[in-house]
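Here's the letter readout for the chains.
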Amino acid sequence: MSYTIGFQAKDQKAVLATEAATANQAVAIIAALRRSADEIKFIRSPQEGDMGIEMLLLLAKEEAEEMPQRA
């Protein structure tokens, strides 16, 4: 499932967007954006629509549980 993360960099008016292929990648991008003081404006996926960070974390957890464990 793909995700689009919209964010606004500090001192800028434009809302930018970036794509992530998985929920876990989206969580990592959001963590990086938060460290740089960018404001998250939206998180969206074609399957789920708009969502909050809590929902994304839940989806990332489910995604991790579905992935096969490597020995």
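Residues numbered from 1 in each chain as written. Predicted model: local features only at pLDDT ≥ 70, side-chain atom pairs only at ≥ 80, totals over all residues. Heavy atoms only, no water.

Colleague: Teacher, can you tell me more about the pairing of strand E3 (residues 39-45) here?
Modeller: A regular strand carries its side chains on alternate faces of the sheet. Bridge count between strand E1 (residues 3-8) and E3: 5 bridges; the pairing is antiparallel. Looking at E3, one finds that threonine 4 is bridged to arginine 44. Pairing geometry for E3 and strand E4 (residues 49-51), over 3 bridges, is antiparallel. In the strand pairing of E4, serine 45 is matched with glycine 49. Linking two consecutive strands that pair antiparallel, namely E3 and E4, is a turn of 3 residues. (Pairing = 2+ DSSP bridges. Helix = DSSP H or I, 4+ residues; strand = E, 2+ residues; numbered from the N terminus.)

Colleague: I'm lost on the packing of aromatic side chains in this one. Help?
Modeller: Aromatic ring pairs: the centre-centre distance and the angle between the two ring planes describe each pair. In total, this model carries 0 aromatic pairs according to the counting rule given. In this arrangement the basic side chain of arginine 44 is found over the ring face of phenylalanine 42, its NZ or CZ atom lying 4.2 Å from the centre. (Phe/Tyr/Trp six-rings, centres within 6.5 Å; stacked < 30°, edge-to-face > 60°. Lys NZ or Arg CZ within 6 Å of the ring centre and 35° of its normal.)

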